[in-house]
Amino acid sequence: MRRNIICAFLCVILISLILFGQRGPAPPDPNAAPASDVVIGSGNFSPIVADLERSLRFYNGLFGTPPPATIPAWSSDPALLNFLGNPTAQIRFSQVSIPGSSMRVEIVEFKDIDRRPVFRRLQDPGAVRLILLVRNLDTLLEQFKSQGVSVISAGAVPVTLRNHDAGRAVVVQDPDGFYIQLMQPNTLPNTTAPATSNVIGARFGLTISDTDPAMKVYRDLLGFKPEIDSAFSSDQPLQDLWNTRGAQFRRSTAKIPGSAVEMEFLEFKGVERKTVEARIQDPGSTRFQLRVRDTDVAVKPLVAAGGKVITTGGDGGPILMSGLRVAIVRELNNLFLVIMSQPPRPAAQ
């Protein structure tokens, strides 16, 4: 039972390693960025929630996917909880596929440990956005409004964007306050999503405190190739989209090395911002997975740059679990990065 629980939690990691990683070749994704010397692929967006069943209803409804046949059981497996840095807690988890994306929503709920909900405004460092490309924005927005979902954008209406964001967009919040940015481009991109799916792709957004130190981590240490705005912008449609009237913002975007998943970093100024510290068990915290060549090599510079390993049982470093070398590092903006690699197999004797 213990091994089954661990394998369930890591199954998506293992699948991605098999399909895209080190165990065998797979057809290359023409949209993927080259792997770096450190990062070789992305994993899942993993929100920490107050109620797993409620979140599953929300995301299954959003993506039009069937709910799980059974709700996962609570686990108190020591190895799994050491990985998560909470050896005395219990957890349960489940996953929802995002049409047109290799990224999934991996939902985690803790119990039997102190939890305090985390609430961040979109301009606060550590706020995250699940950015979804959709075929029909109005249909989804009406669905959300009928369900009482909070709409963040000014006037609770879609915004017409310009420049490289040409199209329409709106921001809503899920039951735990995570931001979901729905974008309907003027020209829909190619997608692997079924023709019946409104959602056709996904990106991941993170609000950061300061672009320069953030890029030293993601560009210099992890090998991202970001496009960084040279100056702050006060574009009004984007102010309306994020409901940050009067703010200026600076964006950096990059595909995650070895992946087609794009990550967008936002730094705000000219508007009140507040750093909200959180623990991994707190609803509103976020994990994000990165596949790397060598977990130990990746973790050391992240710690030197101000990150903190929360995984226990590894003397402040990675641990070995179910054949993977793993660690969770809280980076400068309070995003919990799951760093994982598959150690090379011993040479045959």
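Remember, it's a predicted structure, so these values are computed and weren't measured experimentally.

It is characteristic of soluble globular proteins that their nonpolar side chains tend to be buried jointly. In this structure, F45, Y59, F63, L130, L132, Y218 and F224 are the most contacted members of the largest nonpolar core, which totals 58 residues. It is helix 2 (residues 52-63) that provides the largest number of residues to this core, a total of six residues. I48, I280, I319 and F336 belong to the second-largest nonpolar core, a separate cluster that totals 21 residues.

Below, the discussion takes up helix 5 (residues 211-221). When we look at burial in helix 5, the residues that qualify are T211, A214, M215, V217 and Y218. Looking straight down helix 5, one finds its buried side chains confined to an arc of 155°; they lie on one side. Residues of helix 5 that are buried sit in contact with strand 8 (199-208), strand 9 (227-228), strand 10 (248-255), strand 11 (262-269), helix 7 (295-304) and strand 16 (336-341). At the N-terminal end of helix 5, a side-chain oxygen is found 3.0 Å from the backbone nitrogen of D212, two or three residues along, and the residue is D210. Positive backbone phi, approximately 85°, marks G223, located one or two places after helix 5.

To continue, consider empty space enclosed by the protein. Applying the stated rule across the entire model yields two cavities of 30 Å³ or more. In this structure, the largest cavity occupies an estimated 90 Å³ of space. What lines the largest cavity is V118, R120, G126, A127, V128, D176, G177, F178, Y179, G284 and T286. By volume, the second largest cavity is sized at about 30 Å³. Around the second largest cavity, the lining residues are V217, L302, A305, G306, G307, V329, R330, E331 and L332. Split by residue class, the lining of the second largest cavity holds five nonpolar, two polar and two charged.

We now examine the layout of surface pockets. Roughly 150 Å³ of volume is contained in the second largest pocket. Taken together, L161, R162, N163, H164, D165, D229, S233, D235, L238, F249 and R251 make up the lining of the second largest pocket. When grouped by side-chain class, the residues that make up the lining of the second largest pocket number three nonpolar, three polar and five charged.

Next up on the list: the confidence of the model for the chain. Scored by pLDDT, the chain comes out at a mean of 91, with 91% of its residues at no less than 70. Note that pLDDT drops below 50 for residues 11-26; the model gives that stretch 26 contacts with residues more than four away or on any other chain.

Attention shifts here to the pairing of strand 4 (residues 128-134). Among the seven residues that make up strand 4, seven are buried, leaving the element largely enclosed by the rest of the structure. Relative to strand 8, strand 4 runs antiparallel, the two sharing seven bridges. The residue bridging I131 from the neighbouring strand is R203, located in strand 8. Across five bridges, the pairing between strand 4 and strand 7 (residues 179-185) is parallel. Looking at the pairing, R129 lines up with Y179 of strand 7.

Analysis parameters
- Residues numbered from 1 in each chain as written.
- Predicted model: local features only at pLDDT ≥ 70, side-chain atom pairs only at ≥ 80, totals over all residues.
- Heavy atoms only, no water.
- Core = buried A, V, L, I, M, F, W, Y, C linked by side-chain atoms within 4.5 Å.
- Buried < 20%, exposed > 50% of the residue type's maximum accessible area, 1.4 Å probe, protein only.
- Helix = DSSP H or I, 4+ residues; strand = E, 2+ residues; numbered from the N terminus.
- Arc of directions from axis to C-beta.
- Contact = heavy atoms within 4.5 Å.
- Polar contact = N/O pair within 3.5 Å; in protein donor to acceptor, adjacent residues only side chain to side chain.
- 1 Å grid on protein atoms, 1.4 Å probe; cavity = no way out; pocket = protein on both sides within 12 Å on 5 of 7 lines; lining within 4 Å.
- Points joined across faces, edges and corners; volume = space filled by probe spheres on them.
- Nonpolar A, V, L, I, M, F, W, Y, C, P; charged D, E, K, R; others polar.
- pLDDT = per-residue confidence, 0-100.
- Pairing = 2+ DSSP bridges.

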